[in-house]
Amino acid sequence: MKSLGSRVTIGFLSIVLLLFASGIISLFELGNLSNDTEIILSASRRNLELAKEMLKYAHDHSQATLNVACFDDNAQRDICRRTMSDLEGKLAAARSEAVDIEGLDSLSISVTRLRELSESYLFAPQAIPTDTLVITSEAAALSGRRWYNEQYKVVYNDMVGRIEEFMTHTHSSLAPRAEQLNKNAYRSVAPVLISLVVMIAIVLMFYFFIRVYCVIPIVKINRALSDFLSYRLPFNVKADLRDELKELVDNIEKLIGISKINNR
């Protein structure tokens, strides 16, 4: 039979173990939640960075192409090629690093169309006229401006729209992930809440048992002993006594019996 002290010790140690286990589980779940949040935010941040860089290179390519086509600035041809290569590099990075690659296929097609269009105009060998007519610089500029406005801008605007769609989709894709994080947060807090409810129940149970099996019997033992010492009433404790308290009452009754024998 377990003693009263061991039962109280086991009860409180159970509370400590329950709180410790719930704390460990909550820390583990919060760690997973923190990692998931960091992954989602990093992926979203990286997608936005890649989209902004693609827009920058697309704008630089457009400016260089405009200078070549309309102002015959041949020094800008290398810039056209370099910015197009940079744009394709960022597109490849987005395809390999992005968590959600929706929209990148159509963007890749638009980039390829822009490269083919610009290469065919800016770097294709010019046809040599067979007649004696000489194309003036104003006529060439007019032809380049028309090509830029009627062909290049159409493909360019489509590509920019695809990049902006990729950025918009990156933002919209955060909604279901945020909902999942919300569920994970509840899952992380749930063990603590459950442990708190269980702990409150256990504490109330301890209060009940300690009051019934410890506090009330001690009060009755003390009252019965006081009545015996003050009024010489019979020592009689009317309570459900167990463990050490029962032994205490038995020992008090033995002492009272011994005292009566010695007083005769």
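Scroll up to find the structure this text is about.
Residues numbered from 1 in each chain as written. Predicted model: local features only at pLDDT ≥ 70, side-chain atom pairs only at ≥ 80, totals over all residues. Heavy atoms only, no water.

1. Some thoughts on the pattern of salt bridges
Formally: For this analysis, a salt bridge means a side-chain nitrogen from Lys or Arg found within 4 Å of a carboxyl oxygen belonging to Asp or Glu. Each helix is a run of DSSP H or I of at least 4 residues and each strand a run of E of at least 2, with the numbering of both proceeding from the N terminus. Burial classes follow relative accessibility: with a 1.4 Å probe on protein chains only, a residue under 20% of its type's maximum area counts as buried, one over 50% as exposed, and anything between as partly exposed.
The final tally for this structure, using the stated rule, is 11 salt bridges. The shortest N-O distance in the salt bridge between Glu119 and Arg115 comes to 3.3 Å. One end of the pair is Glu119 and the other is Arg115, both in helix α3 (residues 104-122) and 4 residues apart, which spans about a single turn. A relative accessible area of 22% places Arg115 in the partly exposed class. Counted as one network, the salt bridges with shared partners bring together Arg81, Glu88, Arg115 and Glu119.

2. Comments concerning unusual backbone geometry
A positive phi angle, close to 55 degrees, is found at Asp72, a residue other than glycine. With respect to the element layout, Asp72 can be found in the loop between α1 (4-71) and α2 (77-97). Despite not being glycine, Arg232 has its phi angle at roughly 60 degrees, a positive value. In this structure, Arg232 sits in the loop between α5 (174-231) and α6 (243-263).

3. Description of the environment of Asp243
Positionally, Asp243 belongs in helix α6. Residue Asp243 is classed as buried on the basis of its relative accessible area of 12%. Along the backbone, Asp243 and Tyr213 are 30 residues apart, and their C-alpha atoms lie at a distance of 9.7 Å.

4. Side note on α3
This is how it is decided: Any helix carries an expected span of 1.5 Å times its number of residues minus one. Each direction from the helix axis to a C-beta atom contributes to the arc, which is the arc of those directions.
Over its 19 residues, α3 extends 26 Å from the first C-alpha to the last, a length consistent with the 27 Å expected when each residue adds 1.5 Å. Along α3, the positions that sit buried rather than exposed are Leu104, Leu107, Ser110, Val111, Leu114, Leu117, Ser118 and Leu122. Relative to the axis of α3, the buried residues are bounded by an arc of 150 degrees and lie together on one face. Of the exposed residues in α3, those oriented more than 90 degrees away from the buried face are Asp105, Ile109 and Glu116.

5. Side note on the side chain of His61
Heads up, the rule is: By definition in these notes, contact holds between two residues if any of their heavy atoms fall within 4.5 Å.
If you trace the backbone, His61 turns up in helix α1. What makes His61 buried here is its relative accessible area of 2%. Not counting residues up to four positions away in its chain, the partners in contact with His61 are Cys80, Thr83, Met84, Leu114, Ser118 and Tyr152.

6. Description of the packing of aromatic side chains
Just so we agree on the cut-off: A pair of aromatic rings is counted whenever rings of Phe, Tyr or Trp (Trp by its six-membered ring) have centres within 6.5 Å, and the orientation is called stacked for planes under 30 degrees apart, edge-to-face for over 60 and tilted otherwise.
Applying the stated criterion across every chain yields a total of 4 aromatic pairs. On the basis of an interplanar angle of 40 degrees and a centroid distance of 5.7 Å, the ring pair of Trp147 and Tyr152 is categorised as tilted. Summarising the aromatic geometry, the rings of Tyr148 and Tyr152 are spaced 5.1 Å apart at their centres and angled 15 degrees between planes, so their arrangement reads as stacked. Of this pair, Tyr148 and Tyr152 both sit in helix α4 (residues 137-172), 4 residues apart, roughly one helical turn. Classification of Tyr148 as buried rests on a relative accessible area of 5%. Taken together, Tyr121, Trp147, Tyr148, Tyr152 and Tyr156 form an aromatic cluster joined through their ring pairs.

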